[in-house]
Amino acid sequence: MSSVLRVAFFPGELRLAVTQHNTLLDYALWRPAAPDGVGDVYQARISALMPAMGGAFVDLGKGESGFLPIQNGKNPVTEGQMLTVCVTRAAQGGKGLRVQAQEPPATPLPDKPCLLTRGPTPLERLADRWPQARITVDSAAAAALIPPTLRDRREQALSPFPEAIAHACDALAEASVSLPGGMTASITPTPALIAIDMDAPPTATGWTKQTAQFAANRDALPALFQQIRLRNLSGAILIDPAGLSTRKRQALLEPIKAMLQADPLRPRCLGITALGLVEIVRARTHPSLPELLSCPHGQALAALRIILANHPDATQIRGGLGIITALEKDPQALADCITQRGKALAVKLDPSLPDFFWTTDHD
């Protein structure tokens, strides 16, 4: 059965799910008002050389900045120099945009830092990754955002997410993951790494405990790696397999390396640590799903979704400084919510509330 790239519209955000039958193959969030910048091309100025950091900070214009790595003294630059750069990694984990120099376009360039072209949207990236997938949308609002280059792949009829796919997408926000064989995994993002703890199922009768748990871990890992990919977990990832001795965990290395080949980012398994943890590194390019959901913008959009679904009579959202500031930075999201509910929704700052606490007022 052919794959389908499904697009669902929410205030300020679109869910993008690549599916086959009722299986979720790929997933991304698209926030038109807040692109992550990857692939954007800028005319930039070197603002500060940082030899100790192996690069330089560059001014991208309008308050944006990035970091340009410079390796082994190649392609030396000077402060104040103008050059064309492309963003290769989104700002995440407290670190700014990562850029690399590229050949300037043939057209005349401005003499000050500015954006030249935008990179591909999440929809365009998924469509390129799944070239055979037909595109379906759940609403006219979603259809209006399909770029001309992809319109010939879109089915004309509106198609909401199937219930099983909607449930699978919702489950990506949960810290606990159900795995084959009755196993579960708890995913905990931290500023330094992603910690994943696998829990053991009951030992199968007729098998020794270590043999049964080795087989259970091995059989559950492909589903766990698919969850890592769907959530775009990246950077350092440490996995604690369930109930295995350190010696027995070594036997998981070759199966793990083979499983990771299915990931287009080609993560690397670096081995088993002294504590028996499987050490994996996965390239950081776009923000992870936990980052997108927990950032101020993500919390503001979640509030609008809850109001749309559960508070049809609300006339006002009243919140702390963090949530209100995030809403004010994305006025289109509020407009989307008002259009979908068919009723006005005022926004009011309440300094007495914590930053990301909010409530609704009614007539």
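Residues numbered from 1 in each chain as written. Predicted model: local features only at pLDDT ≥ 70, side-chain atom pairs only at ≥ 80, totals over all residues. Heavy atoms only, no water.

Asks: Would you take a moment to explain the sheet that holds strand S3 (residues 23-30) for this structure?
Replies: Backbone-to-backbone hydrogen bonds pair the strands of a sheet. The strands run either parallel or antiparallel. In space, the four strands of this open sheet follow the order S3-S2-S1-S10, with mixed pairing throughout. At either end of the open sheet lies a strand with only one pairing partner, and these are S3 and strand S10 (134-137). Sheet twist, expressed as the mean angle between neighbouring strand axes with direction ignored, is 20°. Bridge count for strand S1 (residues 4-10) against strand S2 (residues 13-20) is seven bridges, and the pairing is antiparallel. (Pairing = 2+ DSSP bridges. Helix = DSSP H or I, 4+ residues; strand = E, 2+ residues; numbered from the N terminus. Axes fitted to C-alpha atoms, helices over the stretch in contact; angles between N-to-C directions.)

Asks: Would you mind showing me how to read the packing of helix H8 (residues 296-310) against helix H10 (residues 331-341) here?
Replies: Relative placement of two packed helices is described by the angle separating their axes and the distance separating the axes. The interhelical angle for the contact between H8 and H10, taken along N-to-C directions, is 10°, at an axis separation of 10 Å. On the basis of the axis angle, H8 is roughly parallel to H10. The segment H8 lies against H10, with Leu301, Leu304, Ile307 and Leu308 engaging Ala333, Leu334, Cys337, Gln340 and Arg341. Taken together, the residues of the contact of H8 with H10 sort by class into seven nonpolar, one polar and one charged. (Parallel < 35°, antiparallel > 145°, perpendicular 65-115°, else oblique. Contact = heavy atoms within 4.5 Å. Nonpolar A, V, L, I, M, F, W, Y, C, P; charged D, E, K, R; others polar.)

Asks: Would you mind showing me how to read the nonpolar core here?
Replies: Buried together is how nonpolar side chains tend to be arranged in soluble globular proteins. Counting residues in hydrophobic clusters, the biggest one holds 28 residues, and the most contacted among them are Ile196, Met198, Leu224, Ile239, Ile256 and Ile280. Within the residue set of this core, elements represented by two or more residues are strand S12 (184-189), strand S13 (194-199), helix H4 (209-230), strand S14 (235-240), helix H6 (253-259), strand S15 (268-272) and strand S16 (278-282). Sort the elements by how many residues they give to this core and H4 lands first, with seven residues. Discounting residues that sit within four places of it in the chain, isoleucine 239 has contacts with Ile196, Met198, Leu224, Phe225, Ile228, Gly276, Leu277, Val278 and Ile280. If you look at the next biggest cluster of nonpolar residues, it comprises 19 residues, including Val7, Leu16, Ala143 and Leu150. (Core = buried A, V, L, I, M, F, W, Y, C linked by side-chain atoms within 4.5 Å. Buried < 20%, exposed > 50% of the residue type's maximum accessible area, 1.4 Å probe, protein only.)

Asks: Got a minute to help me understand the environment of arginine 229 in this structure?
Replies: Topologically, arginine 229 is positioned in helix H4. Using a relative accessible area of 17% as the deciding quantity, one classes arginine 229 as buried. For arginine 229 and glutamine 332, which are 103 residues apart along the polypeptide, the C-alpha to C-alpha distance reads 29 Å.

Asks: Help me understand the domain arrangement of the protein chain, please; the structure alone is not making it clear to me.
Replies: Note on interface size: it is often stated as the accessible area lost on association of the parts. Under the domain assignment, the protein chain is made up of domain 1 (4-31 + 135-167), domain 2 (40-117), domain 3 (174-282) and domain 4 (295-360). For domain 1 and domain 4, the distance between their C-alpha centroids amounts to 24 Å. With six residues of domain 1 at the contact, the number on the domain 4 side is 12 residues. Between domain 1 and domain 4 the total buried area reaches about 730 Å² when both faces are included, carbon and sulfur atoms providing 61% of it. In this assembly, domain 1 and domain 4 are joined by one salt bridge. The partner of glutamate 13 in a salt bridge is arginine 305, and the shortest N-O contact between them spans 2.9 Å. For the interface between domain 1 and domain 4, the tally reads two residue pairs in polar contact (both at pLDDT 80 or more). (Domains from an automatic or database assignment. Buried area = accessible area lost by both parts, 1.4 Å probe. Salt bridge = Lys/Arg side-chain N within 4 Å of Asp/Glu carboxyl O. Polar contact = N/O pair within 3.5 Å; in protein donor to acceptor, adjacent residues only side chain to side chain.)

Asks: What should I look at first to understand the pairing of S2 in this one?
Replies: In summary, the side chains of a regular strand alternate between the two faces of the sheet. In terms of burial, S2 is a largely internal element, seven of the eight residues being buried. Bridge count between S2 and S3: seven bridges; the pairing is antiparallel. From the neighbouring strand, glutamine 20 faces S3, where its bridge partner is threonine 23. The turn linking S2 back onto S3 is made up of two residues, and histidine 21 within it adopts a positive phi angle of 55°.

Asks: Help me understand the packing of aromatic side chains in this model?
Replies: Here a ring pair, both rings aromatic, is described through the centre-centre distance and the interplanar angle of the planes. Scanning the model with the defined rule gives one aromatic pair in all. Residue placement shows lysine 248 over the ring face of phenylalanine 214; its charged tip is 5.3 Å from the ring centre. (Phe/Tyr/Trp six-rings, centres within 6.5 Å; stacked < 30°, edge-to-face > 60°. Lys NZ or Arg CZ within 6 Å of the ring centre and 35° of its normal.)

Asks: In this structure, what is going on with the state of the cysteines? I would like to understand it.
Replies: Working definition of a disulfide: a covalent bond connecting the sulfur atoms of two cysteines. Scanning all chains against the criterion turns up zero disulfides. Among the cysteines around cysteine 169, which has no disulfide bond, cysteine 295 carries the closest sulfur, lying 18 Å off. No disulfide involves cysteine 337; its sulfur sits 18 Å from the nearest other cysteine sulfur, which is in cysteine 295. Among the residues examined, cysteine 337 registers a relative accessible area of 0% and is labelled buried. (Disulfide = S-S within 2.5 Å.)

Asks: Help me understand the packing of H8 against helix H9 (residues 321-329) in this model?
Replies: Contact geometry for H8 and H9: axes closest at 8 Å, N-to-C directions at 85°. With respect to H9, the axis of H8 lies roughly perpendicular. For the pair H8 and H9, the contacting residues are Pro296, His297, Gln299, Ala300 and Leu304 in the first and Ile323, Ala326 and Leu327 in the second. Its residues placed into classes, the contact of H8 with H9 shows six nonpolar, two polar and no charged.

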